[in-house]
Amino acid sequence: FLRNTHILHFQWLTDRKNTFYFMKLLKFLRFNIVYTVHDLLPHENYSSNDQSMFKRIYHISDKIIVHSNSSKKEMIDLFKIDPKKVYIIPHGSFDVFYTDRNITKDTAREKIGIAKEKKVILFFGSIRKYKGLEYLVSSFQKIKKELDNVLLLIVGSIHNENNEDFKFYSNLIDLISHEDDIICLNKYIPFEDINSYFLASDWLCFHILKHIRVEF
């Protein structure tokens, strides 16, 4: 099936080492390689050897696609990649797929069960260690003292790849889910329902650092 193929496009690497050697074979056979890099390095648990392997993969690729100017700069600085072969293609908007894209903020809140007067902080997505949900929960206790009618909305399922992390975040969700000013929806949200949670919120948090000052 590769007979009339000249370019192969890689999106994800499930086995970095074997993928690299496969790429070497493709180069030997004179294929051009395009690699879309969603994350320059894994968010969790990578070694210097892993970083070295990523560098080899990036260098063997003919063209690299990243999603932002900052990712391109990091790619060039960290991995010493030729800037001429790094292209930026931003993530597109998915709102065309939402069945409820034209609903109002009040309607979205009514759908979820949030009062109109609340000021809502949304944490959305898979709950994983690198995202630092525990730091947001800790900061929220201080935020409540400075901001009236504030509510923390946590939406997403706990990533279950690591048993210790899964237990930690399961316990955290159980602990805070009984508080009146926190709503926890520990489940996968269908694509068509995502828009309502963003429309209902005033602030969004996706990744929280341990040492960060939160101001409103």
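An account of the accompanying structure is given in this report.

The rules behind each value
Residues numbered from 1 in each chain as written. Predicted model: local features only at pLDDT ≥ 70, side-chain atom pairs only at ≥ 80, totals over all residues. Heavy atoms only, no water. Pairing = 2+ DSSP bridges. Helix = DSSP H or I, 4+ residues; strand = E, 2+ residues; numbered from the N terminus. Axes fitted to C-alpha atoms, helices over the stretch in contact; angles between N-to-C directions. Contact = heavy atoms within 4.5 Å. Core = buried A, V, L, I, M, F, W, Y, C linked by side-chain atoms within 4.5 Å. Buried < 20%, exposed > 50% of the residue type's maximum accessible area, 1.4 Å probe, protein only. Parallel < 35°, antiparallel > 145°, perpendicular 65-115°, else oblique. Left-handed = near helix turned anticlockwise from the far one by under 90°. Nonpolar A, V, L, I, M, F, W, Y, C, P; charged D, E, K, R; others polar.

1. Concerning the sheet that holds strand E4 (residues 86–88)
Reasoning step 1: One open sheet holds the four strands; their spatial order is E1-E2-E3-E4, and the pairing between them is parallel. Pairing within the sheet leaves two strands with one partner each, and these edge strands are strand E1 (7–10) and E4. Between one strand axis and the next, the sheet turns by 20° as a mean value, whatever way the strands run.
Reasoning step 2: Of the pairings in the sheet, the one linking strand E2 (residues 32–36) to strand E3 (residues 63–66) comprises three bridges and is parallel in character. What sits directly across from Tyr35, in E3, is Ile64.

2. Remarks on the side chain of Asp181
Reasoning step 1: Examined against the element boundaries, Asp181 turns out to sit in the loop between helix H6 (163–176) and strand E7 (182–185).
Reasoning step 2: Other than its neighbours up to four places away in sequence, Asp181 contacts Phe140, Lys144, Val150, Leu151 and Leu152.

3. Quick notes on the nonpolar core
Reasoning step 1: Counting 23 residues, the largest nonpolar core has Val37, Ile57, Tyr58, Met75 and Phe79 as its most contacted members.
Reasoning step 2: Secondary-structure elements contributing two or more residues to this core are E1, helix H1 (16–28), E2, helix H2 (48–60), E3 and helix H3 (69–79).
Reasoning step 3: When residues of this core are assigned to their parent elements, the largest contribution, five residues, is made by H2.
Reasoning step 4: Apart from residues no more than four positions distant in its own chain, Val37 is found in contact with Tyr58, Ile64, Ile65, Val66, His67 and Met75.
Reasoning step 5: Grouped together as the second largest cluster of nonpolar side chains are 21 residues, Ile127, Leu136, Leu147 and Ile176 included.

4. Brief notes about the packing of H2 against H3
Reasoning step 1: Put simply, H2 and H3 touch, their axes get as near as 11 Å, and they point 110° apart. When the axes of H2 and H3 are compared, the pair comes out roughly perpendicular. Where H2 crosses over H3, the handedness of that crossing is left-handed. The residues of H3 that touch H2, namely those facing Gln51, Phe54, Lys55, Tyr58 and His59, are Met75, Leu78 and Phe79.
Reasoning step 2: Across the contact of H2 with H3, the residue classes break down as five nonpolar, two polar and one charged.

Distances and angles like these do not, on their own, reveal function.
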